[in-house]
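In case you want the letters, here they are:
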Amino acid sequence: MTPEANKVYLIDDDTEMREATAQWLDLSGFVVQSFADAASALDHLNECVDGIVISDLRMPKMDGMALLGHLKELDGDVPVVLLTAHGDVQMAVDAMRRGAYDFIEKPFEPERLLDVVQRACDKYRLVSENRDLRRRLAEPVGLEQRLIGNSAVIRRLRDEILDVADTDASVLIQGETGTGKEVVARCLYEFGARKQGKYVAVNCGAIPENMFESELFGHERGAFTGADRRRIGRFEYAQGGVLFLDEIGSMPLSLQVKVLRALQEREVVRIGSNAPQPFDVRLICASNRDLLSACAAGKFREDLYYRINVVNLRVPSLRQRTEDILLLFDYFAVQAAAAYNRPEVSLQDADAGLLMSHDWPGNVRELKNIAERYVLSSLPQYQRLASILRQPELKDSTLQRSSLQDLMKDHERLLLEQALLRCQGDVQAVMDVLDLPRRTLNEKMTRHQLDRKKYV
Ligand SMILES: Nc1ncnc2c1ncn2[C@@H]1O[C@H](COP(=O)(O)OP(=O)(O)OP(=O)(O)O)[C@@H](O)[C@H]1O
Ligand SMILES: [Mg+2]
């Protein structure tokens, strides 16, 4: 059941307290439903749990602790916040052990109440979104399962894809590296009218300049040295289907004019032939560079730009849709756990903060890599993410320029930290593992500001 964003069930036998609390929450935008006793709340919640629960701990008949037990059976994920009287701390701690989300000691400041309730609602919404996602993953694949995200920008992109998928209009997909341009191209194909035809992808950045023409247009036998048999080019090969020209900005200018002519005439001429071959192909292009400024710099032909850019789709960076970060992380972690046969891990609260504050220069691809490492890591869960995000190899040289010396320094620090973690701060053991004399180890630990006590 998807929860309402701010739904709160409030259970308290003290009428005055209940009404005052409900009013505070109501004024702050929460949708509150109140009950004077746990049994009637459970009668209602048995039907469906779609919000968080705040309950007084001490109540006649069924108390907050018993209610917590029933709720956890109904829905293990629902956050339950307990209101406790002064002196109930031991019971409250016990309740936390049994899965309560938090407790608030009475009398409380309204700010404290609102803060806890807001956090509980945020957490429940995320858990429920993830549950929905997992359920949908088991269903037949729709666009939502291919291009994942709940943010307004990604939902709009999905609508745009469906709007144009069925047409033959040429599409130019633009966005930073790793944002999902290739995923969008595939979706245009899979949800379009040509899905019975082929999907032919060409990475223009990976073809040597002298091979370009033959790759796209084909050649006849003997057309040039080494052409010992006829070869069909990609335009002809994609006949009836979709041709995806990835990284079109890397196409040499000399070839751009030929591609433009081919697109205008709707036919190609193989190298070494005079006979034009008509083709019927839908063209999709992608670029992570701004092609208009490439045009201005004389690196890309403007006439070709306007021909391929009949429909323009922009794929947002992860920074532009931070609300999708945790959802995507969970999705990739679930996938990785299944692929590598590892137990599923659920993200710890502290990790969420780390993920949200990272700036993701490599976008979804970087997030996917990190989620996979998270699942595969043998470190205790609370250390994993911090350790992965610190790893120097993630600072891919294409993403961030670092000198070799800096990278080695980072790496040295990482190795020392891992050894300290593994040896639980036992310096003698670290010396043995890394085969280092005590003095060298001391110097290095001082240089990297590592304190063995933190690892004990
Ligand atoms: N919205 C999304 N939902 C699910 N997976 C995604 C999404 N966006 C990207 N991915 C995954 O992230 C990775 C990178 O995506 P993709 O290769 O499409 O990026 P790109 O924009 O083409 O990058 P580049 O510019 O570097 O070629 C892929 O593994 C892809 O499956
Ligand atoms: Mg790509």
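The rules we used
- Residues numbered from 1 in each chain as written.
- Chains lettered and ligands numbered in written order.
- Predicted model: local features only at pLDDT ≥ 70, side-chain atom pairs only at ≥ 80, totals over all residues.
- Heavy atoms only, no water.
- Helix = DSSP H or I, 4+ residues; strand = E, 2+ residues; numbered from the N terminus.
- Expected span 1.5 Å × (residues − 1).
- Buried < 20%, exposed > 50% of the residue type's maximum accessible area, 1.4 Å probe, protein only.
- Arc of directions from axis to C-beta.
- Contact = heavy atoms within 4.5 Å.
- Near = heavy atom within 4 Å.
- Polar contact = N/O pair within 3.5 Å; in protein donor to acceptor, adjacent residues only side chain to side chain.
- Areas by Shrake-Rupley, 256 points an atom, 1.4 Å probe, with all protein chains shown as cover.
- Nonpolar A, V, L, I, M, F, W, Y, C, P; charged D, E, K, R; others polar.
- Domains from an automatic or database assignment.
- Pairing = 2+ DSSP bridges.
- Right-handed = clockwise from strand over helix to strand, strands pointing away.
- Axes fitted to C-alpha atoms, helices over the stretch in contact; angles between N-to-C directions.
- Phe/Tyr/Trp six-rings, centres within 6.5 Å; stacked < 30°, edge-to-face > 60°.
- Lys NZ or Arg CZ within 6 Å of the ring centre and 35° of its normal.
- Patch = residues over 30% accessible without salt bridge, like charges linked within 9 Å, V, L, I, M, F, W, Y side chains within 5 Å.
- Salt bridge = Lys/Arg side-chain N within 4 Å of Asp/Glu carboxyl O.
- Lys, Arg positive; Asp, Glu negative; His and termini not counted.
- Charge placed at Lys NZ, Arg CZ, Asp CG, Glu CD.

Participant: Teacher, can you tell me more about helix H11 (residues 253–265) here?
Facilitator: Note: α-helices contain 3.6 residues per turn, so residues at a spacing of three or four share the same orientation. Between the first and last C-alpha of H11 there are 19 Å, a value that for 13 residues agrees with the 18 Å anticipated at 1.5 Å per step. Residues of H11 that are buried include every one of Leu 255, Gln 256, Val 259, Leu 260, Ala 262 and Leu 263, and no others. Buried residues of H11 fall within an arc of 165° about the axis and therefore sit on the same side. Residues of H11 that are buried in the fold lie against helix H9 (212–217), helix H10 (234–237), strand S11 (267–269), strand S13 (282–287) and helix H13 (302–308). Backbone geometry just after H11 places Arg 266 at a positive phi near 60°.

Participant: For this particular structure, what's the right way to read unusual backbone geometry?
Facilitator: Trans is the prevailing form of peptide bonds, just as negative phi is the prevailing case for residues other than glycine. Of the consecutive residues Lys 106 and Pro 107, the connecting peptide bond is found in the cis state with omega at -5°. Tracing the backbone shows Pro 107 in the loop between strand S5 (102–105) and helix H5 (110–137). Its identity as a non-glycine residue notwithstanding, Asn 363 has a phi of 55°, on the positive side. Relative to the helices and strands, Asn 363 is located in helix H16 (residues 363–376). For Asn 363, a relative accessible area of 0% puts it in the buried group.

Participant: Can you help me understand the site of ligand 1 in this one?
Facilitator: Looking at ligand 1, there are 17 residues lining it, with Ile 148, Thr 177, Gly 178, Lys 181 and Arg 365 nearest. Within the contact set of ligand 1, an oxygen atom lies 2.6 Å away from a side-chain nitrogen or oxygen of Lys 181. Side-chain polar atom of Arg 365 to an oxygen atom of ligand 1: 3.0 Å apart, as the coordinates give it. With the chains in place, 85% of the 630 Å² that ligand 1 exposes on its own is no longer accessible. Its residues placed into classes, the shell around ligand 1 shows five nonpolar, five polar and seven charged. In this structure, the shell around ligand 1 is formed jointly by two domains, domain 2 (149–314) and domain 3 (319–391), each of which donates at least three residues.

Participant: What's the story with the pairing of strand S1 (residues 7–11) in this structure? I'm lost.
Facilitator: Walk down a regular strand and you will see the side chains alternate between the two sheet faces. Within S1, five of the five residues are buried, leaving the element largely enclosed by the surrounding structure. Note that S1 and strand S2 (residues 31–35) share five bridges and pair parallel. Residue Lys 7 lies in a different strand from S2, and its bridge partner there is Val 31. With respect to chirality, the unit in which S1 leads through helix H1 (residues 15–27) into the neighbouring parallel S2 is right-handed. Relative to strand S3 (residues 52–56), S1 runs parallel, the two being bridged by four bridges. By the bridge assignment, Ile 11 is partnered in S3 with Ser 55.

Participant: Sorry if this is basic, but what is going on with the sheet that holds S3 here?
Facilitator: Each strand in a sheet pairs with its neighbour through backbone hydrogen bonds, running either in the same direction (parallel) or in the opposite one (antiparallel). Pairing is parallel in the open sheet, where five strands are placed in the order S2-S1-S3-S4-S5. Two strands lie at the open edges of the sheet, namely S2 and S5, each paired on one side alone. Looking at each pair of strands side by side, their axes are set apart by 20° on average, direction ignored. The strands touched by H1 are S1, S2 and S3; relative to S2, the strand with the most contacts, the crossing angle is about 170°. Lying over the sheet, helix H4 (residues 89–97) contacts strand S4 (80–84) and S5, oriented at roughly 160° with respect to S5.

Participant: Looking at this structure, I do not really get helix H17 (residues 381–390). What am I missing?
Facilitator: The set of residues buried in H17 consists of Gln 383, Arg 384, Leu 385, Ser 387, Ile 388 and Leu 389. Packed against the buried residues of H17 are helix H14 (325–339), helix H15 (349–357), H16 and helix H18 (404–422).

Participant: Help me out: how do you make sense of the side chain of Glu 215 in this one?
Facilitator: Relative to the elements of secondary structure, Glu 215 occurs in helix H9. The buried category is assigned to Glu 215, whose relative accessible area is 13%. Among all residues touching Glu 215, those that are not within four sequence positions of it are Ile 207, Arg 231, Gly 233 and Arg 234.

Participant: Which parts of the structure should I look at to understand the packing of aromatic side chains?
Facilitator: For any pair of aromatic rings, the description rests on two quantities: the centre-to-centre distance and the angle between the ring planes. All told, the structure shown has eight aromatic pairs when counted by the stated rule. Plain terms: the ring middles of Tyr 189 and Tyr 199 are 5.1 Å apart, the flat faces sit at 40° to each other, and that makes the pair tilted. Taken together, the residues Tyr 189 in helix H8 (residues 181–190) and Tyr 199 in strand S7 (residues 199–203) connect sequence positions 10 residues apart. With respect to class, Tyr 189 is no different from Tyr 199; both count as buried. Connected via pairs of aromatic rings, a cluster forms that spans Tyr 189, Tyr 199 and Phe 244. Just above the ring of Tyr 199 sits the side chain of Arg 186; from NZ or CZ to the centre is 4.3 Å. One Lys or Arg, Arg 384, reaches over the ring of Tyr 374 and ends 5.7 Å from the middle of that ring.

Participant: Explain a negative patch on the surface to me, please; I cannot follow it from the model alone.
Facilitator: Taken together, the side chains of Asp 13, Asp 14, Glu 16, Glu 19, Asp 37, Asp 43 and Glu 47 define an acidic patch exposed on the protein surface. Looking at the secondary structure, you find Asp 13 in the loop between S1 and H1. Among the residues examined, Asp 13 registers a relative accessible area of 33% and is labelled partly exposed.

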